[in-house]
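Structure at a glance
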Amino acid sequence: MRVGMGYDVHALTEGRDLIIGGVKIPYEKGLLGHSDADVLTHAIMDALLGAAGEGDIGKHFPDTDGEFKDISSLELLRRVALILDEKMLFVVNIDATIIAQKPKMRPYIDEMEKNIAEVLGIDVDQINIKATTEEGMGFTGEGRGISSQAICSLSGPEEFSYNAFDAEARCMSCSGCIKKAEE
């Protein structure tokens, strides 16, 4: 079992869409960043990359590279999923918190969980997203920015008994278990 944690923060600014968890949230400001500045997805990517021993998002998607200018963070998450697949690592679970004074996140959390689960090829019950305020204190509490924290656990194929899976079933996010079961 591998565990990773991630954190991200971006300033709120006018003239940008507010994208969190791949959801466009109606709000007067958006997050400032090189990509779409999706703090939740960035924190999750850093947690996954950390658990995989693959550094962080800055290593893989530097903000000095024009390829990533205004890119959807869900696309970057797709690329992180490929890194996990190459290392034969499977997402066991993800737990994340969005820290924002405004806007309220609860109406959008189910869609965020669905978006992230779909990109990673996991069940939505393997991801839990929460939101909190900071009671008006600090950078996020004063409404100057939004941050997010995430933790995840990953497993490798050595932690699964291939005989435990029905050959018709799909093990986690790849077909490796099916291939092993057929051998």
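Residues numbered from 1 in each chain as written. Predicted model: local features only at pLDDT ≥ 70, side-chain atom pairs only at ≥ 80, totals over all residues. Heavy atoms only, no water.

Quick look at the packing of aromatic side chains now. As enumerated under the stated definition, the model contains one aromatic pair in all. Consider the rings of Phe61 and Phe68, whose centres lie 5.4 Å apart with planes at 80°: the pair is edge-to-face. Summarising the burial analysis for this pair, Phe61 and Phe68 share the class buried. (Phe/Tyr/Trp six-rings, centres within 6.5 Å; stacked < 30°, edge-to-face > 60°. Buried < 20%, exposed > 50% of the residue type's maximum accessible area, 1.4 Å probe, protein only.)

Ranked by internal contacts, the top residues of the largest apolar core, which has 48 residues, are Ile20, Ile44, Leu48, Met112 and Ile146. Looking at this core, the elements that each hand over two or more residues are strand E2 (18–20), strand E3 (23–25), helix H1 (39–51), helix H3 (73–86), strand E5 (90–99), helix H4 (106–120), strand E6 (127–132) and strand E7 (145–155). With nine residues, the single largest contributor to this core is H1. Aside from chain neighbours lying at most four places away, what touches Ile44 is Leu77, Ile94, Ala96, Ile116, Ile127 and Ala150. (Core = buried A, V, L, I, M, F, W, Y, C linked by side-chain atoms within 4.5 Å. Helix = DSSP H or I, 4+ residues; strand = E, 2+ residues; numbered from the N terminus. Contact = heavy atoms within 4.5 Å.)

Let us now look at the pairing of E5. Within a regular beta strand, the side chains point alternately toward one face of the sheet and then the other, so they alternate between its two faces. Counting buried residues along E5, seven of its 10 residues qualify, which places the element largely inside the surrounding structure. Pairing analysis gives nine bridges linking E5 to E7, with the strands arranged antiparallel. Bridge pairing in E7 links Ile99 to Ser147. Of the strand pairs in this sheet, E5 and E6 are connected by six bridges, and their pairing is parallel. In the strand pairing of E6, Ile98 is matched with Ala131. Handedness of the E5-H4-E6 crossover: right-handed. (Pairing = 2+ DSSP bridges. Right-handed = clockwise from strand over helix to strand, strands pointing away.)

Turning our eyes to something else, we now look at the sheet that holds E5. Strand order in this open sheet of five strands is E4-E1-E7-E5-E6, and the pairing throughout is mixed. The open sheet terminates on both sides in strands that have one partner only, identified here as strand E4 (30–31) and E6. Across the sheet, H4 lies against E5 and E6, angled at about 145° from E6, the strand it touches most. (Axes fitted to C-alpha atoms, helices over the stretch in contact; angles between N-to-C directions.)

Looking at the chain as a whole, its pLDDT mean stands at 88, while 87% of the residues score no less than 70. Every residue in residues 162–173 is under pLDDT 50, and counting partners more than four places away or in other chains gives 21 contacts. Low confidence marks residues 175–181, where pLDDT is under 50. Its contacts with residues over four positions away, or in another chain, come to eight contacts. (pLDDT = per-residue confidence, 0-100.)

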